[in-house]
Each structure stands twice: as structure tokens, then as C-alpha cells.
Amino acid sequence: MNLLGVRRESECRWVIEPTGAMRVPAILYADEPLLRAMDDKVREQLCNVASLPGIVGAAHAMPDAHWGYGFPIGGVAAFDADRGGIVSAGGVGFDISCGVRCLLTGCRREEIVAVQPALAHELARAIPAGVGSTGRLRLTSSDMDAMLTGGARWAVACGYGDVADLDRVEEHGCIAHAKPGSVSPRARERQRDEMGTLGSGNHYLEVQWIAEVHDATIAAGYGLRQGEVVVSIHCGSRGLGHQIGTDFLRDMALQAPSFGIHLPDRELACAPINSDLGQRYLGAMRAAMNCALANRQILTHLCRESFRSMLPGAELEVLYDVSHNICKVEEHRVQGELRSLHVHRKGATRAFGPGHPGVPESLREFGQPVLIGGSMGTESYVLAGVAGGEDVALSSACHGAGRSMSRHEATHRWHGRQLVHELAERGVLIRSPSMRGVAEEAPGAYKPVRNVVDAAERAGLARKVARLEPLICVKG
Amino acid sequence: MGDWQHFGHGADIGVRGRGSTLAEAFAAAAVGLTAVVTDPAQVNPLESVHVECTVPDRELLLHEWLNSLVFLMATRRMLFSRFDVRVAGDRLEADAWGEPIDVARHAPAVEVKGATLTELAVRKEPDGRWLAQCVVDV
């Protein structure tokens, strides 16, 4: 990124003052090497977001920011409905409520290594993954409505997991004000056979061991003990969310002129929050959030079944489940005034600090767990929200490593089978139906996640709690 | 297979089709869409699905066309390799030819979530040929 006109406020905070159509500053959180490596498009897209009606405070970019569509991926922006604020389908993304759920197995690394190939085989058999895969469930129209309003609570009521799981899921597993009536027939059809599926691309179910504890107090509070094993599930709202994103991106692009909103680029398509289209999108998006929470709940159940078939008594308690592609209504203090804002986080994780009422009571004193996925076969992190995070970037942090190379380039540089072999020699078992998919997700095609979380910590977005190393990765 | 190519876009992929007519460019972009998932040469055009879209904007018509194919790939669990496309005004009709996904043979790399408005362009180039392109989210 060209840093001309970018003012460095502190080691990991860079500010672009408003010029032209910008209503607020654009702020980027990264160290200098990460910032210089970012595409110039991140800057352009962030400045475009800063020009949208009703934006409050600033447009923020996380340390893993990269070129998205409309909003940069790693972008955070809040809008005030009462001051002409907008909601943007591109500001949430196609994979609505994509996120990470982390499960505590209570098993030691040695116990898992002893059954590692058999467990990898069993998980790959039990977890539907990849293009064209289907789940066990076939939803009728009334099942679909119940799922879209009930989220993970619906899944638990259907026998997938335990009521206790819900305490550790964002919004207790159910997003309020979902409107199934705003979800198109096409979106419903795409989801009918896809409940309890992982998807493809960078989605995964990974068995990981806790290789390093950075903050002993918070790690103990979270139940993370060095040498023990966790499972991380990274996926979203599947075909339903993709179709809702598609439907509303088109409708917002077609209707934008009627709202009198000047857009520097069509990809910023949005609608006033207080408009019929804006409200229909929010209702459909919340239904998709419930779909994602239900999906991760079903996958949790399938994962538990696999673990218990090898390790009877394994509990797999939920540490936390948090999304990183969302728009949520949150209370934030802006220049001393408490305001209700529509916060878009596109490839950014909510990170409430200690004491926040939105954090489950059992975790509240430590701050909200922030779950950061690395690339296939590399380390991941658990971070914690920090006091003061609200004043930095609306209690938000990074979400992952971010690609450094195109899929096309990755397939020319690596072969899937060879990668699987090399990772197996390092003790990481990859299971995927597509070797081309494995090559496209090669660890070397991503930025080192370590640099991203270090920058997030130094910028005051979140605190490092534990580093996770993979043992088994089931990919789509 | 048509005159198509991919172009880079961070985490996602751009698909671009060219042709002597608008319809040819739309068909070539569709082959590029399949190539995101698998090698189009491995997809046998055994059965066809009829597609119709009407959008009062040429660029959004391309967006709708590609998204119709994304929907068909997802719900019919098919891949397509041949596209007979007709465009008249704001209306597109097409027959997409392909076959059910065979995971072993097609080794599908990634599912396409949707066509975006990013880098969306439909235009006649200085050489008189048509270009149709956009970024797709994977």
C-alpha cells in the first residue's frame, strides 16, 4: 500500500484524514510491514466506506485486511439508523455469519496422537465436506422457518448437542428479529440439503493442540491447558447465506439511485436502515445468522459422535462460538453519548472486553474469546477482548491470516498430494475430497497469522491467550 | 470452450469472457465460472438446463446470469461446460449443458458462493469484440 497521506498515530495505528466525499477518517491497524504488503485497493475501499451515509466515528481496517467487494475484508464500520445510516450486503459478505466454534476435548495430545489416523478417517467420514456434499437432514418448509428463527436452539431441540452448549454461543445461539419471510425461495432451496455441511474453500474442522499459553490467567479461565486438544470448526450459513447475499446485492444495486445515495462504486450497494429494503435485508441476514449457528451446532454433534467412538467419555464442551461476517445492533459510546449502532464486521471478529454483558457470565471477567483461524496446517490463536477495545475499533479484532497469493498461482506452485504427504510427515493429517482444493489452500498461499495477531495485540484490539497447532484438518 | 480467462482478486477470483457478440462473451464468462471449480474439459455436456433472466441493465444481466448458474450448480449438484446463450435487449435465454458432479473425476476445488459487483464490466472493446467480467466469491 502506498502510505502517502497516511499518518502514523502509534506503532500499529494509521489514519487517513477525510478528503473528498469521506465523512469520517479511515483507520488501519497494522505494523508497517503488514500495511505495506496490503493491496492499495484496501485503502481505496476503506475510504469509500468512510464516505457512506450515517457512518459513525471512522471506517476501520484490521491487520489482516485485504481487497474485498465494496467493503475490504477485515473492515469494520458502524452506522446510525436515526442519522441516515445504511446497511450494506457487501459489508457483511456472501458467507453471512461465517465464524469459528472452539470445543475443549479435555484430551491430552498424546491420547489423540495414539488414535490420530483412525480419528482423521472417522471425522472425514462423518463430516460432510466439499462441493456437492449434503447433510443428513432434509428440511421441510416449516422445519426451515423454525431453523431460521431458532438457530442453534432449534438444532439442540432437534437432538444436536446440549442445552448447556448455548450459553457459550454468541446471543445464546439464537439471533432475535430474524424474518424468514424475507428469505427467497431460491435461498431456501439452496439450503434444503446443506444443514450440517462444512462447505469448501477456507472452511475446515481442525483438531488442534495447545502448543503455547500466552496469558495463563485467561487461559485457565477459558479451560485452555497447554498440551491439551481442542477442535475448531470454521464455516458459515452455507447456500442460504450465499443466496441471500446474492439476492440483496442485486436489489440494493438496482434500488440505490431511488434512495438518492451517491455511490463511488456500484459494489458499495446499500440501503438506508430505515427503508423497506434495508429492513428486509436485516431480517433475512439475521435468519442466515441463525442458519450458521444451527449449522455449527449440528457439526459439533457430528464431531462429538466421532470422538466418542474412539475416546469414550470425551465431552467436547463449547469454549465459544463467534461470527466474523455480520451486521449487529450494538450499544457504543461515541464522544460520551451512548448510541445504538448497526456495526458491520466483514472478516472481523467481535471482541468485547472484560465485564461486558454480552460475554457469557462464566467468561465475563476474562473478556470474550476471539477465535482466529490460521491457514491449513499452520497455527491458530485464541485471543481475548480487552478493556478499551471499544474505543479503538468498536470492540473488533482480526479474523484470520488472509491470502497472500491467488488460488491460480497456488495451484501452479504446489500439488495437493505432495502437500498432504509433507504435512503428514510433520504430524498434520489433511483429509479432503479435492487435491486441487488442498493446493489452493496451501499454507504458503497465506500470510503468517502470527504477524497478524501480534499486530492486533499491539494495536490494543485483543490480547493473545493461546497458540494452537493442528493435528488433523478436514477440508472441503 | 470459448475465450475465457481468470484475473486475480485477493482471496477471490475474477472471471472474464470475450466474444464476437455479447452472447458469446457471456457464454465464455460462464466457462470461466466452471473453471473456478474444475477443468471444463472434464465436464461432459450430457444434459441441458434452460435458463432465463431479465434485468434492465446489461452489467447486472451478466451478474444475474452467472448467479443463475451458481444456483443450478448448487441445487442440481451439476457442472456445466457448454452454453448456448441468446441475448435480446434486457433478456437472456440460454441452455447450459453439463453433467452431475463426480467428485472423483472432477475433483471440484471450491464452490462458488456468488458473483459480485466487483470489477463488473460488460463492454465492446476497441477491437470490436465484447468483454464480460466480474469477481466471484469462493
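Structure first, text after, so check above.
Residues numbered from 1 in each chain as written. Chains lettered and ligands numbered in written order. Predicted model: local features only at pLDDT ≥ 70, side-chain atom pairs only at ≥ 80, totals over all residues.

Asker: How would you sum up the nonpolar core? Please name residues and give values.
Answerer: Within the largest apolar cluster, 224 residues are counted, with the highest numbers of intra-cluster contacts made by Tyr-29, Ile-127 and Leu-383 of chain A together with Phe-26, Ala-29, Leu-66 and Val-136 of chain B. Residue contributions to this core peak at 17 residues, all from helix 9 (residues 276-310) of chain A. The residues touching Leu-383 of chain A, leaving out its near neighbours within four places in the chain, are Val-370, Ile-372, Ala-397, Val-453, Ala-456, Ala-462, Arg-463, Lys-464 and Val-465 of chain A. (Core = buried A, V, L, I, M, F, W, Y, C linked by C-beta atoms within 7 Å. Buried ≥ 20, exposed ≤ 12 C-beta atoms within 10 Å, placed from the backbone. Helix = DSSP H or I, 4+ residues; strand = E, 2+ residues; numbered from the N terminus. Contact = placed C-beta atoms within 7 Å.)

Asker: Break down the packing of helix 4 (residues 116-126) of chain A against helix 9 of chain A for me, citing the residues and quoting the values.
Answerer: Residues and elements named next belong to chain A. Across the interface, helix 4 lies against helix 9 with an axial gap of 9 Å and an inter-helix angle of 150°. The angle between helix 4 and helix 9 falls in the class roughly antiparallel. In this structure, the crossing between helix 4 and helix 9 has a hand that is right-handed. Across from Ala-118, Leu-119, Glu-122, Leu-123 and Ala-126 in helix 4, the residues of helix 9 making contact are Leu-302, Cys-303, Glu-305, Ser-306, Ser-309 and Met-310. Grouping the amino acids of the contact of helix 4 with helix 9 by side-chain chemistry returns seven nonpolar, two polar and two charged. (Axes fitted to C-alpha atoms, helices over the stretch in contact; angles between N-to-C directions. Parallel < 35°, antiparallel > 145°, perpendicular 65-115°, else oblique. Left-handed = near helix turned anticlockwise from the far one by under 90°. Nonpolar A, V, L, I, M, F, W, Y, C, P; charged D, E, K, R; others polar.)

Asker: Mind laying out the sheet that holds strand 1 (residues 7-10) of chain A, listing which residues take part and the relevant values?
Answerer: The strands making up a sheet associate through backbone hydrogen bonding, with each pair oriented either parallel or antiparallel. Residues and elements named next belong to chain A. The strand order 1-2-3-4-5-13-12 describes an open sheet built from seven strands, whose pairing is mixed. Where the open sheet ends on each side, the last strands, each with one partner, are strand 1 and strand 12 (325-334). Shown here is a sheet whose adjacent strand axes are inclined to one another by a mean of 25°, direction ignored. Pairing between strand 3 (residues 26-28) and strand 4 (residues 55-69): three bridges, direction parallel. Bridge pairing in strand 4 places Leu-28 opposite Ala-61. Against the sheet, helix 2 (residues 40-49) contacts strand 2 (13-16), strand 3, strand 4 and strand 5 (71-79), and its axis sits at roughly 155° relative to strand 4. (Pairing = 2+ DSSP bridges.)

Asker: Run through helix 4 of chain A, naming residues and quoting values.
Answerer: Taken residue by residue, helix 4 of chain A has Leu-119, Ala-120, Leu-123, Ala-124 and Ala-126 of chain A as its buried positions. Its buried side turned inward, helix 4 of chain A meets helix 3 (109-114), strand 8 (204-213), helix 9, strand 18 (429-431) and strand 19 (462-475) of chain A.

Asker: Explain the interface of chain A and chain B to me, using residue names and the numbers behind them.
Answerer: On the side of chain B, 31 residues touch chain A, which itself brings 38 residues to the contact. Those elements giving two or more residues to the side of chain A that touches chain B turn out to be strand 4, helix 6 (185-191), helix 8 (238-255), helix 11 (407-413) and helix 13 (435-440) of chain A. The biggest single contributor to the side of chain A that touches chain B is helix 8 of chain A, with nine residues. A class-by-class count of the residues in the side of chain A that touches chain B yields eleven nonpolar, 15 polar and twelve charged.

Asker: Any details on unusual backbone geometry? Residues and values, ideally.
Answerer: Residue and element names in this part refer to chain A. In this structure, Arg-238 is a non-glycine residue whose phi angle is positive, near 50°. Inspection of the secondary structure assignment puts Arg-238 in helix 8. Residue Arg-238 is classed as buried on the basis of its 29 C-beta neighbours within 10 Å. Residues other than glycine seldom take positive phi values, yet Gln-335 does so here, at roughly 45°. Looking at the secondary structure, you find Gln-335 in the loop between strand 12 and strand 13 (337-346). For Gln-335, a count of 7 C-beta atoms within 10 Å corresponds to the exposed category.

Asker: Before we move on, could you go through the environment of Leu-166 of chain A and cite the residues and values that matter?
Answerer: All names here are of chain A. With respect to the helices, strands and loops of the structure, Leu-166 is situated in the loop between helix 5 (141-157) and helix 6. Along the backbone, Leu-166 and Phe-352 are 186 residues apart, and their C-alpha atoms lie at a distance of 18 Å. Other than its neighbours up to four places away in sequence, Leu-166 contacts Ala-152, Arg-153, Val-156, His-172 and Gly-173.

Asker: I'd like a rundown of the sheet that holds strand 4 (residues 78-88) of chain B, residues and numbers included.
Answerer: All names here are of chain B. Spatial strand order, 3-5-4: three strands in an open sheet with antiparallel pairing. Among the strands making up the open sheet, the edge pair consists of strand 3 (47-54) and strand 4. Each adjacent strand pair in this sheet contributes to an overall mean axis angle of 20°, direction not counted. The sheet contact formed by strand 4 and strand 5 (residues 91-100) spans ten bridges and is antiparallel.

Asker: Give a detailed account of helix 12 (residues 416-425) of chain A, specifying residues and quantitative values.
Answerer: Residues and elements named next belong to chain A. Here helix 12 has its buried residues at Gly-416, Leu-419, Val-420 and Leu-423. Across the axial projection of helix 12, the buried residues extend over an arc of 100°, all falling on one side. Exposed and facing more than 90 degrees away from the buried side of helix 12 are Arg-417, His-421 and Glu-425. In this fold, the buried residues of helix 12 make contact with strand 18 and helix 13. Two residues or fewer past helix 12, Gly-427 is found with a positive phi of approximately 90°. (Arc of directions from axis to C-beta.)

Asker: Quick one: what's the story with the environment of Thr-75 of chain B, residue by residue and with numbers?
Answerer: On the secondary structure map, Thr-75 of chain B appears in helix 2 (residues 58-76). Thr-75 of chain B sits in the partly exposed class, given 17 other C-beta atoms within 10 Å. Along the backbone, Thr-75 of chain B and Gly-98 of chain B are 23 residues apart, and their C-alpha atoms lie at a distance of 14 Å. Residues contacting Thr-75 of chain B, with those up to four places away along its chain left out, are Glu-189 and Arg-190 of chain A.

Asker: Kindly report on the environment of Ala-216 of chain A, identifying the contributing residues and their values.
Answerer: Residue and element names in this part refer to chain A. Residue position: Ala-216 is located in helix 7 (residues 216-222). We classify Ala-216 as partly exposed; it has 13 C-beta atoms within 10 Å. Separated by 250 residues in sequence, Ala-216 and Ala-466 place their C-alpha atoms 8.7 Å apart.

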